Amino acid sequence: MTGLSIRDARKSFGATEVLKGVSIDVADGEFTVIVGPSGCGKSTLLRSVAGLEELTSGHIVIGDRDVTDLAPSERGIAMVFQSYALYPHLSVYENMAFGLRIAKADKDAIDTAVRRAATILNIEALLERKPAALSGGQRQRVAIGRAIVRQPQIFLFDEPLSNLDADLRVRMRYEFAELHRKLGTTTLYVTHDQVEAMTLADRIVLLRDGRIEQTGSPRELYERPANIFVAQFLGTPRMNIVAATAAEDGRAALANGLRIALPPLAKPLAVGTPLSIGIRPDDIAIGEAPDALTFSIRFIERLGGLATVHLGGREGDVMLACQLRDDGRFDEGDRIHATFPPALLHLFDADDQRLGKIGE
Amino acid sequence: MILRRWSVTLLAALVALLTIAPLLWMVSVSLMARGEAAQFPPPLWPASPTLENYRELFGNFGVGRFLFNSILVSTLATALALLFTIPAGYAFAKLRFKGRDAIFRMLIAALVVPGQIGMLPLFLELKAMGLVNSYAGALVPWLAGIFGIFLVRQYCLSIPDEMLEAARIDGATETQILRRIVLPILTPIIVTLALYVFLSSWNDFMWPLIILADQQLYTLPVALAANSRQNVQDYEIMMAGAVVTTLPVLILFLALQRYYLSGLLTGSVKG
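Just so you know, these numbers come straight off a predicted model, no measurement behind them.

A.B. asks: Sorry, what's going on with the overall build of chain A here?
C.D. replies: Regarding its fold elements, chain A presents eight helices and 20 strands. If you line up chain A on its principal axes, its C-alpha atoms span 75 × 45 × 35 Å. Expressed as a percentage of its 360 residues, the buried residues of chain A come to 52%. The contacts in chain A between residues at least 6 apart in sequence include a share of 65% that link residues at least 24 apart. Surface exposure of chain A reaches about 16100 Å², of which carbon and sulfur atoms provide 49%. The averaged location of the 48 negative side-chain charges in chain A is 4 Å from the averaged location of its 42 positive side-chain charges.

A.B. asks: What should I look at first to understand the layout of surface pockets in this one?
C.D. replies: Unfilled space is identified by rolling a water-sized probe across the atoms. There is about 850 Å³ of room inside the largest pocket. Every residue lining the largest pocket is counted, 25 residues in all, and those nearest its centre are Gly115, Pro141, Trp142, Gly145 and Ile146 of chain B. The set of elements that each furnish at least two residues to the lining of the largest pocket consists of helix 3 (63–94), helix 5 (115–128), helix 7 (146–157), helix 9 (174–203) and helix 10 (206–211) of chain B. Looking at the lining of the largest pocket element by element, the count peaks at five residues for helix 5 of chain B. Of the residues in the lining of the largest pocket, the class split is 17 nonpolar, seven polar and one charged. One number sums up the size of the second largest pocket: a volume of about 540 Å³. Every residue lining the second largest pocket is counted, 22 residues in all, and those nearest its centre are Arg47 and Leu52 of chain A together with Arg96, Glu165 and Arg168 of chain B. If you tally residues by element for the lining of the second largest pocket, the top one is helix 8 (residues 161–169) of chain B, at four residues. Broken down by class, the residue content of the lining of the second largest pocket amounts to seven nonpolar, two polar and 13 charged.

A.B. asks: Help me understand the sheet that holds strand 19 (residues 335–339) of chain A, please; the structure alone is not making it clear to me.
C.D. replies: By way of backbone hydrogen bonds, the strands of a sheet pair with one another, either parallel or antiparallel. Residues and elements named next belong to chain A. The five strands are arranged 15-19-16-17-18 in an open sheet whose pairing can be described as antiparallel. This sheet does not close on itself; its edge strands, each paired only once, are strand 15 (285–286) and strand 18 (319–325). Pairing geometry for strand 16 (residues 293–302) and strand 17 (residues 306–312), over six bridges, is antiparallel. Among the inter-strand pairings, phenylalanine 299 is bridged to a residue of strand 17, identified as histidine 310.

A.B. asks: Please explain a nonpolar patch on the surface as it appears in this structure.
C.D. replies: Among the surface-exposed residues, Leu17, Ile20, Leu23 and Leu24 of chain B lie close enough to one another that they form a single nonpolar patch of about 350 Å² accessible area. Relative to the assigned elements, leucine 17 of chain B resides in helix 1 (residues 2–30).

A.B. asks: How should I be thinking about the interface of chain A and chain B in this particular structure?
C.D. replies: For interface size, the figure often reported is the accessible area lost on association. Contacts between the two partners involve 23 residues from chain A, matched on the other side by 16 residues from chain B. Of the roughly 1700 Å² buried where chain A meets chain B, counting both sides, 62% is carbon and sulfur surface. In this assembly, chain A and chain B are joined by two salt bridges. Here aspartate 170 of chain B and arginine 150 of chain A are joined by a salt bridge, their closest N and O atoms 3.7 Å apart. Where chain A packs against chain B, one counts six residue pairs in polar contact (both at pLDDT 80 or more). Only helix 1 (42–50), strand 6 (77–80) and helix 2 (92–102) of chain A provide two or more residues apiece to the side of chain A that touches chain B. A total of four residues in the side of chain A that touches chain B trace back to one element, the largest contributor, which is helix 2 of chain A. Classifying every residue of the side of chain A that touches chain B by side-chain character gives 13 nonpolar, five polar and five charged.

A.B. asks: Sorry if this is basic, but what is going on with unusual backbone geometry here?
C.D. replies: Most peptide bonds adopt trans geometry, and most residues besides glycine take a negative phi value. Residue threonine 236 of chain A is joined to proline 237 of chain A through a cis peptide bond whose omega torsion reads -10°. By the element assignment, proline 237 of chain A lies in the loop between helix 8 (228–233) and strand 11 (240–246). Look at the link from phenylalanine 40 of chain B to proline 41 of chain B: it is a cis peptide, with omega at -10°. Its place among the elements puts proline 41 of chain B in the loop between helix 1 and helix 2 (52–58). Here alanine 85 of chain A, not a glycine, exhibits a phi torsion of approximately 55°, which is positive. Among the structural elements, alanine 85 of chain A can be located in the loop between strand 6 and helix 2. Unusually for a residue other than glycine, lysine 104 of chain A sits at a positive phi of about 55°. Assignment of secondary structure puts lysine 104 of chain A in the loop between helix 2 and helix 3 (107–121). The exposed category is assigned to lysine 104 of chain A, whose relative accessible area is 71%.

A.B. asks: Any chance you could explain the pairing of strand 2 (residues 16–26) of chain A here in plain terms?
C.D. replies: Two faces belong to every sheet, and in a regular strand the side chains alternate between them. Residue and element names in this part refer to chain A. Sheet analysis places strand 1 (residues 4–13) next to strand 2, joined by eight bridges and oriented antiparallel. Bridging across to strand 2, arginine 10 finds its partner in lysine 20. What sits between strand 1 and strand 2 in their antiparallel hairpin is a turn of two residues, with glycine 14 showing a positive phi close to 60°.

A.B. asks: Honestly, helix 2 of chain A in this entry has me stumped. Any pointers?
C.D. replies: Along an α-helix, residues three or four positions apart point the same way, because every turn accommodates 3.6 residues. Residue and element names in this part refer to chain A. Of all 11 residues that make up helix 2, nine are buried, and the element is covered over most of its length. Listed in full, the buried residues belonging to helix 2 are Val92, Tyr93, Asn95, Met96, Ala97, Phe98, Gly99, Leu100 and Ile102. Lysine 104 sits one or two residues past helix 2 and shows a positive phi near 55°.

A.B. asks: Explanation requested: the sheet that holds strand 8 (residues 186–191) of chain A in the structure shown.
C.D. replies: Residue and element names in this part refer to chain A. Read across the sheet, six strands follow the order 6-7-8-3-9-10 without closing on themselves; strand pairing throughout is mixed. What marks the edges here is a single partner per strand, and that holds for strand 6 and strand 10 (211–216). Across the sheet, the mean angle from the axis of one strand to that of its neighbour is 15°, orientation sign disregarded. Here strand 7 (residues 154–158) pairs with strand 8 via five bridges, running parallel. Counted as the bridge partner of aspartate 158 is valine 190 from strand 8.

A.B. asks: When you look at the packing of aromatic side chains in this model, what are you seeing that I'm missing?
C.D. replies: With the rule as written, the count across this model stands at 14 aromatic pairs over all chains. Considering the side-chain rings of phenylalanine 155 of chain A and phenylalanine 157 of chain A, the 5.8 Å spacing of their centres and the 35° angle between planes classify their relative orientation as tilted. Of the two residues examined, phenylalanine 155 of chain A and phenylalanine 157 of chain A, each falls in the buried class. Ring centres of phenylalanine 147 of chain B and tyrosine 196 of chain B lie 5.1 Å apart, and the angle between their planes is 55°; on these two criteria the pair is classed as tilted. Here phenylalanine 147 of chain B is found in helix 7, whereas its partner tyrosine 196 of chain B is found in helix 9, with 49 residues between them in sequence. The partly exposed category is assigned to phenylalanine 147 of chain B, whose relative accessible area is 35%. Relative accessible area serves as the criterion here: at 38%, tyrosine 196 of chain B is assigned to the partly exposed category. Joined through ring pairs, the aromatic side chains of Phe31, Phe155, Phe157, Phe176 and Tyr189 of chain A make up one cluster. One cation-aromatic arrangement involves arginine 280 of chain A over tyrosine 222 of chain A; the distance from NZ or CZ to the ring centre is 3.8 Å.

What counts, and at which threshold
Positions within a chain are numbered from 1, following the residues in the order the chain's sequence is written. Each chain gets a letter, beginning with A, and each ligand a number, beginning with 1, in the order they are written. Reporting of local features is limited, given that this is a predicted model, to residues whose pLDDT is at least 70; pairs of side-chain atoms are given and counted only at 80 or more, and all residues count toward the totals for whole chains, interfaces and linings. The side-chain values count all of the structure's non-hydrogen atoms but skip hydrogen atoms and water molecules. Counting from the N terminus, the helices are the DSSP runs of H or I reaching at least four residues and the strands are the DSSP runs of E reaching at least two. A 1.4 Å probe rolled over the protein chains alone gives each residue an accessible area, and that area as a share of the maximum for its type sets the label: buried under 20%, exposed over 50%, partly exposed in between. Should any heavy atoms of two residues lie within 4.5 Å, those residues are considered in contact. All accessible-area figures derive from a Shrake-Rupley calculation using a 1.4 Å probe, and residue coverage is judged against the displayed protein chains alone. In this count, Lys and Arg are taken as positive residues and Asp and Glu as negative ones, while His and the chain termini are left out. Charged side chains are reduced to one point each, which is NZ for Lys, CZ for Arg, CG for Asp and CD for Glu. Cavity means a closed set of points on a 1 Å grid over the protein atoms alone, one where a 1.4 Å probe fits but cannot get out, pocket means an open set with protein on both sides within 12 Å along at least 5 of 7 lines, and lining means a residue has an atom within 4 Å of a point. Grid points are joined across faces, edges and corners, and a volume is the space filled by probe spheres set on the points. Residue type decides the class: Asp, Glu, Lys and Arg count as charged, Ala, Val, Leu, Ile, Met, Phe, Trp, Tyr, Cys and Pro as nonpolar, and the leftover types, Gly among them, as polar. DSSP bridges decide pairing: two strands pair if at least two such bridges lie between them. What makes a patch is a set of residues exposed beyond 30% relative accessible area and free of salt bridges, joined within 9 Å when like-charged and within 5 Å when nonpolar (Val, Leu, Ile, Met, Phe, Trp, Tyr). The salt bridge criterion pairs a side-chain nitrogen of Lys or Arg with a carboxyl oxygen of Asp or Glu, the two atoms within 4 Å. Buried area: the sum, over both parts, of the accessible surface (1.4 Å probe) that disappears when the two are put together. Any pair of nitrogen or oxygen atoms within 3.5 Å is treated as a polar contact; in protein, a donor-acceptor pairing is required on top of that, and neighbouring residues in sequence qualify only through side-chain atoms on both sides. Helix axes are fitted only over the stretch in contact, all axes being lines through C-alpha atoms; the angle between N-to-C directions runs from 0 to 180 degrees. Stacked, tilted and edge-to-face are the three classes assigned to paired rings of Phe, Tyr and Trp, where Trp is represented by its six-membered ring and a pair needs centres within 6.5 Å; plane angles under 30 degrees give stacked, over 60 edge-to-face, the rest tilted. Should the NZ of a Lys or the CZ of an Arg lie within 6 Å of a ring centre and within 35 degrees of the ring normal, that charge is described as sitting over the ring.

The structure is reproduced here in structure tokens:
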């Protein structure tokens, strides 16, 4: 097995630059998820690795081979498409055998490879069927089977779960993780869904507008987002961001005059410096406390066990989302006390970049 | 409700009868004795059915030769048309090359020019190439019909790119993709196109009349027309000739009708 290295990849379509210098190193056997909003270039990046798009400049190295100029079939990759892209006139067996047949592999070798993949994916019973007779989840499995049969060095997945319903998506997510544990093949997985990214990835690459915003383990990105975009992209509901200015005694003044305590920063801020304070909806502490601020509840989204409570400040200029256990204690219009534990705050400068806390 | 369904069936049957009546009478007359159909009022059935007209047709008139010419020209026309039209339509739909859309727009624009206008220039061209009065000359207009290219292209557009990319990743060359992935998917439209070209070239009268001077090379419609000038009064022989002309394509069409219809329908539903 082998790692993958993308070096300063750039790609333009006409005058539009879609990839603006992307470098990623995927270690051998690692499950890397490229995530980002639509139009960020993540699919183009994946297609470039597959060889379906030609990079304007930059290199793609698989193992120790520079594959930048090689045809897709020579790169040692297999790809699973969002639409599955099964061959409709061929049986499941022939769909999975197609690549080996093209490579003129030995009949027995083909049979062994196809049956092995079918066993891994639990689709032995479907081998004689045509794709039209399969459900969405089964088609997805066949598409993955076709990839496994090729015994690739790298698996490429292009939004493979987007076409499935929510229930199946959760199950297939689990199966992807299971499959990766079983096969241990280096994997590059593209999605716009942050939940898939958080649950599947060893490492997340967050892409925006053709550039990498941050790379790291899901935990790293969640706990120490490099900027406001990353902070708000991961986690639902989104992180609350409130504009403030640095005040005396390690505090910050919000726009409406309220003051809250800040965590100790690696580089202390001069009084009056503008900054943004971020806090995740489940980090807000509710209840009486010496430091507590008073809010009124504007709106409650009840999700069953949990509720997202939208809080308004005194003058209504600060809106915060707060995630609580829904035990019927709260109602719209109620007044509520909230504290912001300094250790759980995220601070960003005027350019939206993270301000390091002491110890980070 | 039942009444309405029956009335629809009855109406359809009536229309079908009106359509098929001339064909039936054609067969009937072809089996009549010489001069029988010229009586007034013309009889519906032959008094004593005879194959004399067919004997005359295949014997003295030598229709076997023309039948052979027609089968040869139409079969070759169909094969060549498929050979050139399918790859062209596929390329216009799925391959990236410079000027693709501009060339395609030009082709489509050329569709509005009636074929008859092109006949004289085409004739002169073929004359220069020395193809006048040959089977090859009769085949040329069928080689790459714009309508066929258009048909194949439109159908190819409905094939998702990802499927072709999957095949590319699987290591298939462009020719293998065309042969092993695209062609099987195109089957209905290929049958439709083949039938269309075969029927059109089989029934074509104008072009073979212009390009073929030698009687030995005549296709059925041209030969029958030439014959009708000589035997104006012989309805029975004429009808026997018409049967020989119509029957093969009728059988072909009925045999392939299922695919033909599914081709037309798929195109429209997916389009």
